[in-house]
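A look at the structure
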Amino acid sequence: TETIDTEADRFARTLEQGMDQFEKIESRGGKAISGADAFRLHDTFGFPLELTRELAAERGVEVDEEGFRSEMAGQRERSRHAVTHGWALAKDIPTSEFTGYQELTSETRVAGIRRSGEGVDSAVEGDVVDVFLERTPFYAESGGQVGDTGIITTPSGRFRVEDTQKPSEGAFAHLGTVITGEVRVGEKATAAVDDKRRRQVMRHHSATHLLHKALRETLGERVVQKGSWVGPDHTTFDIPLNRAISKDELHRINRRVMEKVREALPFHESQKPYKDAVAQGAMHLFEEKYGDIVRVVCFGDWTCELCGGTHVRNTADIGTAVIVSESSIGSGLRRIDMVVGESADELVARDRDLLSEMARSFNAGPEAIPERIRALRAELKEKERELARVRDQLQTARVGGGDGFVVKHGRVDYVAQSVEASNIDELKAYADRYLERVKSGVVTLVAGDKFVIKVSNDLVSQFDATRLKDLFGTGGGRPQLVSGKLTVPAQEAFRRLEEALA
Ligand SMILES: [Zn+2]
């Protein structure tokens, strides 16, 4: 039909414009396509990152994918703020039944669509809107756990969920873009969470429960969760502590978490009055406001917490858990960064690759690397000392050999000479050698655009080096020794000196 032709034409035209744009970027001749450029290709011309990567590879150019992702995150942040603003003004936001504790795909119905804070009946391909459903398996960002992503399919269209947020109690806003056709209020829909990503989020979130308990066992009961962020590829966990956690403690904590993973502790949950839950010792956040009835989440009988997040069925599902770092985030708080599941396996594989690469370049087994590095550093230090000794001998030999060494006689004896020196310290060392030979006098040396003036102690009251320096250029020091940068040619500086000392 005519509509489809126009759609196809429009698509082809956009792609063509995108190719033009790509050629323009590529012709600038950089070594990499910047994150901003890759993002513009994606955002304006619909180029998936894979396409940009492929085109770039054909031309032997790389793509700054990290930069691309940070541009994406930036845009998501901007759109979230814009949308949140819209929500603040909105009335009658539909609420949803949350099915995401039990299932990752739910049959449902479109309960509402909002565009820039305004309720609308439908949205078409390319529209950026918030979709509301009667029931949804999409977890909305809260308690530090990121919102779900995925796809909502209706008989007439498909909607890509890029984030899920809670504009008000019980309301789930699916933020995203209509990718094909049209989505209409009242239509039946299948809501499917990106399950690979969500499973990784659940692993990370569940692991924080084990981490929380292991931290309290190791560091004491006063260690309570102060904050946490949970995403698909890592999680952070903040605790109050006025010191660093030692390497030994971190090992113990990590080992304890892994023990509990291997015990395959089953997940179970219950609803009970807040007071009962706390009386039974369920961990909770003091700052958090809880309702009268709370959800208590336990793994075996080892750890129970008040929690609204999503969890694995038993702790063995978490897989590998690796504490990556602990650091200060100020005001008596420490942050622990942990990676679990697939992400942990990838991390371990990456680290092993790095280690064998190092082992290869040291031509030694991995366990020998620390000793090799220590030996290399000691060797380097020894070489530096040796080099300094040789340089010293060379200077002494040059000066002592009288090679170009001329003492001029004016009101006092003085030396005005260009020498070869690679830095100011070397130049000063030369000045020392010359003054040793002159004994009483003024030594001025120039190397490149640098100069040094050294005055023997007996003459400092007559010839202050800090004043003589004005004949040479700019610099600083003491009456006995000044170094600086020439502002006139060396010959001109020496001529001025001769006049001054004549
Ligand atoms: Zn939880």
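Data block above holds the structure.
These remarks concern the structure in this document. (Residues numbered from 1 in each chain as written. Predicted model: local features only at pLDDT ≥ 70, side-chain atom pairs only at ≥ 80, totals over all residues. Heavy atoms only, no water.)

**With respect to the packing of helix α8 (residues 341-362) against helix α9 (residues 369-400)**
Where we set the bar: Between N-to-C directions, angles span 0 to 180 degrees; the directions come from axes that are lines fitted to C-alpha atoms, helices contributing only their stretch in contact. Comment: elements are numbered from the N terminus, with helices defined as DSSP H or I runs of at least four residues and strands as E runs of at least two. For this classification, under 35 degrees means roughly parallel, over 145 means roughly antiparallel, 65 to 115 means roughly perpendicular, and everything else is oblique. Helix crossings are classified by the rotation of the near helix relative to the far one: an anticlockwise turn of less than a right angle makes the crossing left-handed, while a clockwise turn makes it right-handed. Any two residues whose heavy atoms approach within 4.5 Å at even a single point are treated as in contact. Gly falls in the polar group here, along with every residue not listed as nonpolar (Ala, Val, Leu, Ile, Met, Phe, Trp, Tyr, Cys, Pro) or charged (Asp, Glu, Lys, Arg).
Two numbers describe how α8 lies on α9: the axes approach to 11 Å, and their chain directions differ by 50°. Classified by the angle their axes make, α8 and α9 are oblique. You can see that α8 and α9 cross each other, and the crossing is left-handed. Packed against α8, whose contacting residues are Leu 355, Met 358, Ala 359 and Phe 362, the element α9 presents Ile 369, Arg 372, Ile 373 and Leu 376 at the interface. In terms of residue class, the contact of α8 with α9 is built from 7 nonpolar, no polar and 1 charged.

**Quick notes on the coordination of the zinc ion**
Formally: Metal sites are built from N, O and S donor atoms within 2.8 Å, or 3.2 Å for Na, K and Ca, and they leave out water, so they may look incomplete. Irregular is the label for any site that misses the other tests, which are tetrahedral for four donors with all angles between 85 and 135 degrees, and square planar for four donors or octahedral for six when opposite donors exceed 155 degrees and the remaining angles lie between 65 and 115.
Coordination of the zinc ion by the protein is provided by His 205 (NE2), His 209 (NE2), Cys 307 (SG) and His 311 (NE2), with metal-donor distances spanning 2.0 to 2.2 Å. Coordination geometry of the zinc ion: the 4 donor atoms subtend angles of 98 to 123° at the metal centre, consistent with an arrangement described as tetrahedral. Every donor residue of the zinc ion comes from the same chain, spaced as H-x3-H-x97-C-x3-H. Residue His 209 is located in helix α5 (residues 195-219), and its partner Cys 307 is located in the loop between β17 (303-306) and β18 (321-328); the two are separated by 98 residues in the primary sequence.

**Here's the deal with the sheet that holds β18**
Rules: A pair of strands is labelled paired if DSSP reports no fewer than 2 bridges between them.
Pairing within the open sheet is antiparallel, and its 4 strands lie in the order β13-β14-β19-β18. Every other strand in the sheet has two partners, leaving β13 (227-230) and β18 as the edge strands with one partner each. Between one strand and the next, the sheet's axes are offset by a mean angle of 15°, whatever the strand orientation. One ladder, built from 6 bridges, connects strand β14 (residues 235-240) with strand β19 (residues 333-340); its direction is antiparallel. When the bridges of β19 are listed, Phe 237 appears paired with Ile 336. Set on the sheet, α5 makes contact with β13, β14, β18 and β19; between it and β19 the angle comes to about 135°.

**With respect to the environment of Arg 198**
The condition is simple: We call a residue buried when its accessible area falls under 20% of the maximum for its residue type, exposed when it is over 50%, and partly exposed in between, using a 1.4 Å probe and counting protein chains only.
If you trace the backbone, Arg 198 turns up in helix α5. Of the residues examined, Arg 198 reaches a relative accessible area of 0% and is grouped as buried. Considering only alpha carbons, one finds Arg 198 and Gly 231, 33 residues apart in sequence, at a separation of 8.9 Å. Those residues within four positions of Arg 198 in sequence are excluded, and the remaining contacts are Phe 98, Gly 100, Leu 104, Pro 137, Tyr 139, Asp 148, Val 193 and Thr 310.

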